[in-house]
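One-letter residues, chain by chain:
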Amino acid sequence: MGRFTEHAARERIDETVDLWRKNCLMADGSLTQSQPAETWTLANAKDLETRFTNNPLVGSAGGGTFASKFEVQLENASPELRLFAAELLLIHFLFTSSVTGRGKVEVIDKTLADSGYKLDTSSVPYKAMWSKIGHPGVGFNTRRDLQLGLLIDFTVRLKSLSVEDREAVLADPWALEDFVRQAPSQNSREMMHILLHLLHPDSFERIASGAHKREIASAFAQLLDEDVPEDWSVDRKLLAIRTKLENDFLAADGYVDFYHAPLQGVWQSRPGRDSEGTTDIESLEWKKQLILYGPPGTSKTFTARKLAESLIRREALRSWGPRKFFDNKDLLEHRVNENVEWVQLHPGYGYAEFIRGLRIEGDETRYQPGLLPDLIDRATTQDLPEDLTPLPFVLVLDEINRTDLSAMLGEAFSLLERDKRGFSVALPGINKGEPPTRLAMPENLYVIGTMNEIDQSVETLDFALRRRFLWSECPFERDTLLEIVRARWDGDVGTRFSFEDAAAQLEIFADRAVSLNDAILKMEDLGRAYQIGHTYFADITFFLGRSLSSARQKPDKGTYLWTKGGKAKDPLIDLWARSLKPLLEQYLSGTDAMESSLNALWTTFKSQ
């Protein structure tokens, strides 16, 4: 089943959904109030649809934030409409681990303001705000308007049905899926997947990304029976895959979850990425060459390694078959380590090191193979049992624009083409008494490059070389920043200071990082390539750890980075002075307005 139980108090979420189904979707009552209240009515749903969905506030209108815009849209609303809107937000927040319990409740309380209604702090729905199921993806937080719009549309259309038809739709997972997907727009949003999982957790995975679902279905397609109907949705395929895994392969290993080992390493091409478009691993499998590019500090190197490992594991499952895949875990991990070759490029790295060059041997000079011929030999002569087919080799060229890549590739330049794999060319120069050396790129050799756009040497990549790769941008991501901070928290700051206690200001901190990068984007002297990666900002945990090392008590009311009055505290000042400002000074060096630009950027970043 897809019900995920690792996080504490999952049962509170399930109890809340049961109450929602009974009191709100099948009836017109309230989710949070003990006294009868006509809340989840068709009239209220249509009223909110008119105010919210049909009256979008764009850009800075209504104060610019979701909360401020929502408040404008609820002006002069009845108490019951405010209660309906607040409970809709509560359902919206049930799944997510990317918003703290305190943050969820604050948004709901603001929506209930002046309505006469309050959340009962002893109730199951209130306590469920501190439970979580999974990460909903970046789009969940950045486009909350679209997520809520889908919930409103779902409610309006469901409430327009008879009680009998409503019951039929809610009882059948596949009828529910068809109904939810009939939304006039936005049905690929994260909330659609979340809604299906909440109402039928044993049929739909705890996955909020359509791209992730598609990747998993593709990676584990071999487990599906050959007679699977063509019209099955991805979700029905995932349920069949899960059933097969639980019954035939992983029963002894306990709970099956696609976001945990050993399954996650098979399908996920980029941790944290959840867009609905073509994935990195799909691009790499098709083109055989992929470049990850973006500003410094956006985890390109880490992403390249995870992508390479996923490619190898996916092919092992595909070519070895499920039984041999799960029976040879240790051997597979050995091959994953052996089959990824990492090269840090630099200006001194060229043709002689990569293809071949002259070396002195005794009293004569001879041509000796470089890294690529050696890698090709290893790719074609893997040490595996006879019943296991060879696995892909992945060559990672880190910082490809730090050398003359066309010169380094030499004859391999044309052999990279996917339709030229297997063809061989003669290399120039012949060792005495030997036939000419030939070079051919095997089908199972893949290349991943990483590149910082900011480097001036980017201009040396000619168009012929560019078209031999597909490209994937690695931008700054707010949610990735918060994930890194959360992962580092206990080690850098200490368990004496709870991440949850600082979460409200860390959310603001992430917003300030976004604002700083937006300001950099708009600057004439800088622009997109000069935006700052999330790993630079994540150093905040180090500075917080140093600042709090001698503190006897927790900062009052979560004031870890700003005082109550909004003044920047030492950790934020240190991060700016020791990490961000020196980087920006280098970027702005030689410009006429360096000091004023730095002051403007600091003001943007430090403002609470």
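Just so it is clear, the structure is predicted and the values come from calculations on it, not from any experiment.

Q: Quick one: what's the story with the overall build of the protein chain, residue by residue and with numbers?
A: On a plain count of helices and strands, the protein chain comes out with 29 helices and nine strands. Here the protein chain has a C-alpha radius of gyration of 28 Å; the compact-globule value for 608 residues is 25 Å, and the two agree. Across its three principal axes, the protein chain shows a C-alpha extent of roughly 95 × 70 × 45 Å. The buried share of the protein chain, taken over its 608 residues, is 52%. When contacts within the protein chain are restricted to residue pairs at least 6 apart in sequence, those whose partners lie at least 24 apart make up 72%. Working note: accessible area of the protein chain is about 26,900 Å², and carbon and sulfur atoms make up 49% of it. For the protein chain, the distance from the average position of its 73 positive side-chain charges to the average position of its 92 negative side-chain charges is 3 Å.

Q: Tell me about the side chain of Thr559, and please be specific about residues and values.
A: Within the secondary structure layout, Thr559 lies in the loop between helix H27 (540-548) and helix H28 (570-588). Within the structure, Thr559 has its side chain in polar contact with the backbone oxygen of Asp556 (distance 2.7 Å). Setting aside residues up to four positions removed in sequence, Thr559 forms contacts with Gln505, Lys564 and Lys569.

Q: Before we move on, could you go through unusual backbone geometry and cite the residues and values that matter?
A: In this model, Lys288 sits at a positive phi of 75°, which is unusual for a non-glycine residue. Position of Lys288 relative to the elements: it lies in the loop between helix H15 (280-287) and strand S1 (289-294). A positive phi angle, close to 65°, is found at Ser299, a residue other than glycine. Within the secondary structure, Ser299 is located in the loop between S1 and helix H16 (300-320).

Q: Can you tell me about the sheet that holds strand S5 (residues 393-398), naming the residues and giving the values?
A: A sheet is described by the order of its strands in space; here five strands give the open sequence S2-S5-S8-S1-S9, paired in parallel fashion. In the strand order of this sheet, the two ends are held by strand S2 (340-344) and strand S9 (470-473), each with one partner. This sheet shows a mean twist of 20° between the axes of neighbouring strands, independent of strand direction. As judged from the four bridges shared by S1 and S9, these two strands associate in the parallel manner. The partner of Leu290 across the bridge, within S9, is Leu470. Each of S1, strand S8 (445-452) and S9 is contacted by H15, which is oriented at about 140° to S1, the strand it contacts most.

What counts, and at which threshold
Residues numbered from 1 in each chain as written. Predicted model: local features only at pLDDT ≥ 70, side-chain atom pairs only at ≥ 80, totals over all residues. Heavy atoms only, no water. Helix = DSSP H or I, 4+ residues; strand = E, 2+ residues; numbered from the N terminus. Rg over C-alpha atoms; globule rule 2.2 N^0.38 Å. Buried < 20%, exposed > 50% of the residue type's maximum accessible area, 1.4 Å probe, protein only. Contact = heavy atoms within 4.5 Å. Areas by Shrake-Rupley, 256 points an atom, 1.4 Å probe, with all protein chains shown as cover. Lys, Arg positive; Asp, Glu negative; His and termini not counted. Charge placed at Lys NZ, Arg CZ, Asp CG, Glu CD. Polar contact = N/O pair within 3.5 Å; in protein donor to acceptor, adjacent residues only side chain to side chain. Pairing = 2+ DSSP bridges. Axes fitted to C-alpha atoms, helices over the stretch in contact; angles between N-to-C directions.

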